[in-house]
Each structure stands twice: as C-alpha cells, then as structure tokens.
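# Notes for the structure review
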Amino acid sequence: MHSKRRAALERDERTEAARDAAKRDALRALRLKTVIRENHGAARTTRVEFARGSARTSNLYATCGGSAVTVYDDAHFGDHTAIVAQYAHETTAHQRGGEITCVCFARGEDDEKENETATTRGGGHEFGDAIVTAGDEHGWISVISVAENRVVGRLNAHPGSRVVDADGACARDGFVVSVGEDGFLKAWDVFGGPDGEGECVGTFDVGTNARSVACDANGAFAVTGHADGVARRWNLSGAVSQKSKALPLATFKPRFAVECVRIVDDVLFAKTRDGRIETCDLKRNESIASWTLPNEKYRDHKYTGPACRFGVSSDGKFLACGDGTDSGVVYVYDARTGENIVELQPLRVVGVVHAAAVVDHCRHVFAAYGPAVVWRYEVINVSSDDDAIAGDAFEAVVK
C-alpha cells in the first residue's frame, strides 16, 4: 500500500515538474505583441491586478490610472484582450472624485448559492459577478460590480487621507484590507453592514510610514511594508494597538521603502524602492531567498514617482517585475529561488515599468508603462516582421 502511494506521489511530482518546465519554456518564448492604450489621457497606469482564488474570474484583470478603473478579459477573445467594465471616478453630488490610488479584487459570494436578490454580494447574476475595490486620494474606497458596471458601495475608509494600498482575501467573501496615510490598517467586509454596503471589521495603528499591504487568503493576518525598509505582520483578530512582528528581511536597507508586498499561501514576497526582492516563510518566520534587480548602478534613488509593483502567479512559483530604471525591461523570476528566467525587452520606447503581472499559464506577461499604456507579452509564432508590426502598433497607440 505504501509503495503504491509512494509511486503515485512520484508520478505527481514528475507531472508537476513537467508542467513547470513547460511554463518556463513559454516564458522564454514571450514577445511583445499587444499594446493597450488606456482611456485616461496622460495619467500613468500604476496597477495591473488579476483576480485570484476563483477559476471563474481568473481571466479578469484590473488597471487604474488617473481617475479611471478598467477591467479586462484576458482569455475569451482569442488573441485580443477586451474591456468588460470601465469606471470613471468623477465628481458628483455623492462623491468628490479624484485620483484612483489603488485597485484590487474582492471575492464574491459562491456562485452555487441561491442568491437572486443580493446582487451587491457578487451573486444573483446568471453568469456570476466580479467585485473590484478602488481607493482614492480622499480616503474613500469604491466597491464596483463588474457585471453591473456600477458602484454598489462606498466606504469612507481613511477620512481625509490618501488610500495608499489595498488587497483582497482570495478565499474569504468580501474581505479587503487597506492602509492609508492616516497611519491605520483597516479590515473590511465590503458586503457587510445593515445596508449591505460594507463595514469596517478591524482597525490597527500601523504608523504613517506604511507604504504597502497584503493579506493572506483567509484574511487571518496582514503584512504591511514601511518606508524604513521594514515589513510587519498583524493579527487581524487582535487589538487595535497590538505589538506587530517585524519580519526577517535582513537584506532590506532602512532608507528604502518596502513598496510592494504579496502573500501566496504562507510565503511573503516583498520589494523595496531600490529593487531588492526577498521572500519569507511566514510559518517559520525565516528568509527563503533574496535578489536584486539588474541595472542597480543606473537606478535613480531620487525617483519620486509611483511604486514599481511586481506580480506573482497564484501558485507562488513565478514573479514578474519591471525595472525601476528607465530601461523598460520586465524581469521574470523563479519566485522560489530568484533565478532570472527571462528578460522581456521593450520595443523602441523605454521608461519605468510601474506594474507587472504574470498570468498563471505563463503565456502572457503584462507591464504598465506610462502614459496610459499597457504591454502584453505573448507566445507567438516568430517571423521577421513581428518586431516591425509590434513597433508600428506601439507608435500608433502612443501618438
């Protein structure tokens, strides 16, 4: 019996290794093909965020730039990527409008549940719904239904101060965490409250130097990245003024902010302003791997623009990150070891890549490059005319 079980495990390991090898081959075959010109003028696209945790919505990704949020479908339109929802954060009688500072997906209710009336909870639609949350410069978070293409809830998350970052728990319905310039980390049930338009379920004093946040899949804990190069862990069921746990990210320097953090399973991925990336086992509270993006000597440490954010596949195996220099290169790594799998080169135009994302199947990698341009690298049949075609497409959309 034990020998059969062992043989089955060995077969599974060989299958997984073959699958990973195929993904690595796909990443090495990527070329720039699709160039998306977003509809928010000269504002930089600062986020590219995929929906995680549900196979039904894993094809969706959201971007933000200026006062606009756009949701795209990356899977169901052949070689094209299609807009499925757009939101303009305009000034109205009900809201101040302003710049969108962050965007993330919140998990909707289970589609298999009978829910014909509570449409704001991500259910009640024939083909389901996806929920996007968008923070703004005035401290508000807008809860957006993709199916209805409208705001279904508004949270006064950080009154009078900028929402710095937000993240959704991919295995817990409606759970989102946010950090603001007011120095608080807040946990939200975006479907909660007596009117179903959301309520705060936890507030934590994290200090005004918090620059990034991520929570685990179940919303049990969160990690905040800070301007002094420290990442701290918070128990989301604990007290407001709890003593946080500083995580062992030994290679981070105090003068560079931890500008992006992600959590997959029990692993933290963190990046600092100077291009240092480190991973940490949150169960054992120990460092796993660390590395620095290339071109370190050319990186402008006086750069004051938006954070250069990375993306991680939902299995935690692959990481994509733009270079903080103006080279425009996107690097894809084995997230477990820091091995550089491929360097995706820009075409004709260079600049800082403010956000990058790797799709789980590894046949697409996205990069946000300002103003209002998103690249999609794809596995395509290579011909001598490919570079010229892609270059013409790029110049057409940026003019």
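One structure accompanies this document, and this report is about it. (Residues numbered from 1 in each chain as written. Predicted model: local features only at pLDDT ≥ 70, side-chain atom pairs only at ≥ 80, totals over all residues. Heavy atoms only, no water.)

This paragraph deals with the overall build of the protein. From N to C terminus, the protein includes two helices and 28 strands. Put simply, the protein has 399 residues, and 54% of those count as buried. Once local pairs closer than 6 in sequence are excluded, the contacts in the protein between residues at least 24 apart make up 53%. (Helix = DSSP H or I, 4+ residues; strand = E, 2+ residues; numbered from the N terminus. Buried < 20%, exposed > 50% of the residue type's maximum accessible area, 1.4 Å probe, protein only. Contact = heavy atoms within 4.5 Å.)

By the secondary structure assignment, F366 is in strand β27 (residues 364-369). In this structure F366 comes out as buried when scored by relative accessible area, which is 0%.

Attention now moves to the nonpolar core. In this structure, L27, V330, L344, V365, W375 and Y377 are the most contacted members of the largest nonpolar core, which totals 22 residues. When residues of this core are traced back to their parent elements, those giving at least two are β1 (30-37), β23 (318-322), β24 (330-334), β25 (340-344), β26 (353-358), β27 and β28 (373-379). Listed in part, the 16 residues of the second largest apolar core include A51, V69, A85 and F105. (Core = buried A, V, L, I, M, F, W, Y, C linked by side-chain atoms within 4.5 Å.)

This paragraph deals with the packing of aromatic side chains. Tallied over the full model, the rule gives eight aromatic pairs. Here the aromatic rings of Y369 and W375 are separated by 5.2 Å at their centres, their planes lie at 15 degrees, and the arrangement is stacked. Here the guanidinium or amino end of R154 rests over the ring plane of W140, the centre of that ring lying 4.2 Å away. (Phe/Tyr/Trp six-rings, centres within 6.5 Å; stacked < 30°, edge-to-face > 60°. Lys NZ or Arg CZ within 6 Å of the ring centre and 35° of its normal.)

Phi is positive for N149, close to 55 degrees, though the residue is something other than glycine. Looking at the element boundaries, N149 is found in the loop between β8 (140-145) and β9 (150-156). Classification of N149 as partly exposed rests on a relative accessible area of 40%. Phi at N285 takes a positive value of approximately 55 degrees, unusual for a residue other than glycine. Mapped onto the elements, N285 comes out in the loop between β20 (276-281) and β21 (286-292).

A volume near 810 Å³ is recorded for the largest pocket. If you trace the largest pocket, you find 48 residues lining it, with F50, A51, R52, G53 and C170 closest to the centre. Elements with a minimum of two residues in the lining of the largest pocket: β2 (45-50), β6 (100-106), β10 (163-168), β14 (210-215), β18 (258-264), β22 (311-312) and β26. Volume-wise, the second largest pocket comes out at about 580 Å³. Around the second largest pocket, the lining is made up of 24 residues, and of these R162, V164, G305, P306 and A307 lie nearest the centre. Those elements that provide at least two residues to the lining of the second largest pocket are β2, β3 (60-65), β6 and β14. (1 Å grid on protein atoms, 1.4 Å probe; cavity = no way out; pocket = protein on both sides within 12 Å on 5 of 7 lines; lining within 4 Å. Points joined across faces, edges and corners; volume = space filled by probe spheres on them.)

This paragraph deals with the sheet that holds β8. Pairing within the open sheet is antiparallel, and its four strands lie in the order β6-β7-β8-β9. Single-partner strands in this sheet number two, and they are β6 and β9. Each strand axis lies, on average, 25 degrees off the axis of its neighbour in the sheet, ignoring direction. (Pairing = 2+ DSSP bridges. Axes fitted to C-alpha atoms, helices over the stretch in contact; angles between N-to-C directions.)

Moving on to the pairing of β18. With seven of seven residues buried, β18 lies mostly within the body of the structure. Pairing of β18 with strand β19 (residues 267-272), which is carried by six bridges, proceeds in the antiparallel orientation. Within β19, the position partnered with V261 by the bridge is A270. Linking β18 to β19, which pair antiparallel, is a turn of two residues; within it D265 sits at a positive phi near 55 degrees.

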